[in-house]
Structure formats: C-alpha cells, structure tokens
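Survey of secondary and tertiary structure
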Amino acid sequence: MSKRKPVTLAALRGTASLPKKALIVDDRNEGEDFDDIDQDVIEVTAIEENIKFVLMSLCLNTGIGPIITKAMLYSLMSNKTQVDKDLSELRNDNKIMWFSFRSSSSDYLMLFKDYSSLLMKILPECNISYSKFIDAFKKQSDVIYFSKVDLKGKFCLSDDAIKILINYKLLVISSNQMYEFSVPYSGNFMELLSLGKKRIMNVLRNRPSNEILERELLDMKLRNCSLGTKYLLYDLIGNGQVRSVKCGMGNLIRLVKK
C-alpha cells in the first residue's frame, strides 16, 4: 500500500484542492495559529478543509456566525454529488450542522464545534444542561424537524426553555407545528449575501466585456460586500452565476450569460 504524501499547512493556505483524505503536517512557526489545529499530524477529509478554507475568507465583524453555503463548496469541488454525499457523512458524524433557508432553495452549514460553542453561551442562560442537550443533539444528527413532544422528551426542554430558544432564534417553527434548529441572525446573513452578490454582478455587468481580474475586484472597496468579496465569489461561482478563468494576469472573473 502506497503512503499518502503529507500536505503542509503552509501549502494548504495556497490551495483549495486536496485528495479525498490527506495527511496535514503542522509546519507553523512558534506562536502561529491556524484554525486551532494543535496536532503534529492529523488525517482530514478534503471537504472539511474546504469548509475551513472558505471560512477563512468570511469577515466575521458583521456579527454573522461562521457559516457557509453549500454552493461555496461546489465552487471548490466539481463533483456536486460527491459534495452532497460527503456533507451527509459529516452530518452523521456530528461534524457539521446543515440548515435550509426557508425563503430560498439555498442550504447553509456550520461546523458542529462552532454551533456547540454558540449553544454553550446561550443554554446556561436558559437553565438547560449543555452536556445533556449536546448528547441528545448527536443522537438526532439525521433529524431535521422535531415535534414539541420530541423537544420535551429527547432534549428535556420545558415550555419556557422552548420559548427562550425561539427568542434566541436557535429554534424556529416550521409548518405543521414542527420545530427545527437554526442559527441566530441567519436571515441577516441571507440578506447580506444577496446584497453582496448583486453588487459584484453589477460591477461585471457595467464592464464592456462583463469580466474583471479577480485581484482588481478584491482591491475594490465595494458597498454591500461586508461578508467579504472573496467569500461572496465562492457562492457566485458555485451557483454558476460567474466563472473563474485562468489567464496570464491571474484569475479572471467572468459573468455567465444565460
């Protein structure tokens, strides 16, 4: 059996492509931080690293949590079916939380550890046991919708606790009086995402050739792009609205005409 060639963290910073599994070698200088990785050598799937790769481009000063859309992963991994399969495996392994925007067909996700950190800050205020709640969460990793009976029985939530979680936007009521877990301010995220993408699209439409060098676009201080221009580009490319084409001067961002 051939051995996998190690990939250094320094090399990872400059690439968005990895084999399905890779050995990541910690080559940081002393005191350097990289996604809280503290092991010398770890085994990691390509899709997990691509999630972290996209999150590196997100501007968190907007107050939006560290979430990404599924389309952003499509921009980095050409096989959409494989992306969906890998995400399902990560969800079943309690490595990600997967959500859907009810107002659109977009899906978004959050690393489970980030969602757990969010819960850790809020649950004690609701007099809810964090450990019991997380244990219940892990056992229900493949479930999206819950009845109030489920919330009371499996999560040991009282009526007051359910109301508090709804107020915090961690729990939303869907159709037929079913509940689903959510990310606070995800509606704000959707609005910022939409506004930012429209701004970039307008820049491209106003160009005679409907294209612009990526580095030129990234240097622009664009209004309504508070999430980060690079971050927004991942979603536009993944949704097939723009293309990234290599040229002699770098990557060229081109509007896809339909």
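The residue count restarts for each chain, going from 1 along the sequence in the order it is written. Only residues with pLDDT of at least 70 are given local features in this predicted model, and only at 80 or more are side-chain atom pairs given and counted; all residues enter the totals for whole chains, interfaces and linings. Calculated side-chain values reflect all of the structure's heavy atoms, with hydrogen atoms and water omitted.

A few points about the pattern of salt bridges
What counts is decided by this rule: Salt bridges are defined as contacts in which a side-chain nitrogen from Lys or Arg sits within 4 Å of a carboxyl oxygen from Asp or Glu. Where helices and strands are cited, they refer to DSSP runs of H or I of at least four residues and of E of at least two residues respectively, numbered from the N terminus. Buried, partly exposed and exposed residues are distinguished by accessible area as a fraction of the type maximum, computed with a 1.4 Å probe on protein chains only: under 20%, between the cut-offs, and over 50%, respectively.
With the rule as written, the count across this model stands at 11 salt bridges. Of the charged contacts, one joins D84 and K70 as a salt bridge, the two residues approaching to 3.4 Å between their closest N and O atoms. Separated by 14 residues along the polypeptide, D84 in helix α4 (residues 80-92) and K70 in helix α3 (residues 70-74) bring together distant segments of the chain. Since its relative accessible area comes to 13%, K70 is described here as buried. A salt bridge links K70 to D107; the nearest nitrogen and oxygen atoms lie 3.2 Å apart.

Some remarks on the packing of aromatic side chains
Counted only if it meets this: Pairing of aromatic rings covers Phe, Tyr and Trp, the last through its six-membered ring, and needs centres within 6.5 Å; plane angles under 30 degrees mean stacked, over 60 mean edge-to-face, and all others mean tilted.
Taken as a whole and judged by the stated rule, the model has 14 aromatic pairs. Ring plane angle 70° and centroid distance 5.6 Å describe the contact between F133 and F137, whose orientation is recorded as edge-to-face. Taken together, the residues span about one helical turn, with F133 and F137 both in helix α6 (residues 130-139) at a distance of 4 residues. This pair shows no difference in class: F133 is buried, exactly as F137 is. Ring centres 4.7 Å apart and planes at 45° place the aromatic pair F137 and F181 in the tilted group. Highlighted residues: F137 in helix α6 and F181 in strand β8 (residues 179-181), separated in sequence by 44 residues. Just as F137 is buried, F181 falls in that class too. Cluster of aromatic residues (ring-pair linked, three or more members): F99, Y108, F112, Y115, F133, F137, F146, F155 and F181.

Digging into helix α9 (residues 186-205)
For an α-helix, 3.6 residues make a turn, and residues three or four places apart therefore share a direction. What counts, and what does not: Helix span is expected to be 1.5 Å times the residue number reduced by one. Throughout, the arc means the angular range of directions from the helix axis out to the C-beta atoms.
Given a rise of 1.5 Å per residue, 20 residues ought to cover 28 Å, and the 28 Å separating the end C-alpha atoms of α9 matches this to within 8%. Taken together, the buried positions of α9 are occupied by S186, F189, M190, L193, G196, K197, I200, M201, V203 and L204. The buried residues of α9 all sit within an arc of 155° when viewed along its axis, so they share a single face.

Description of the pairing of strand β11 (residues 250-255)
Here is the rule: By definition, two strands form a pair when at least two bridges between them are found by DSSP.
Note: strand β9 (residues 211-213) against β11, 3 bridges, orientation antiparallel. Pairing of I212 across the sheet is with I253, part of β11. The sheet contact formed by strand β10 (residues 242-247) and β11 spans 6 bridges and is antiparallel. Across the sheet, residue K246 finds its bridge partner in β11, namely N251.

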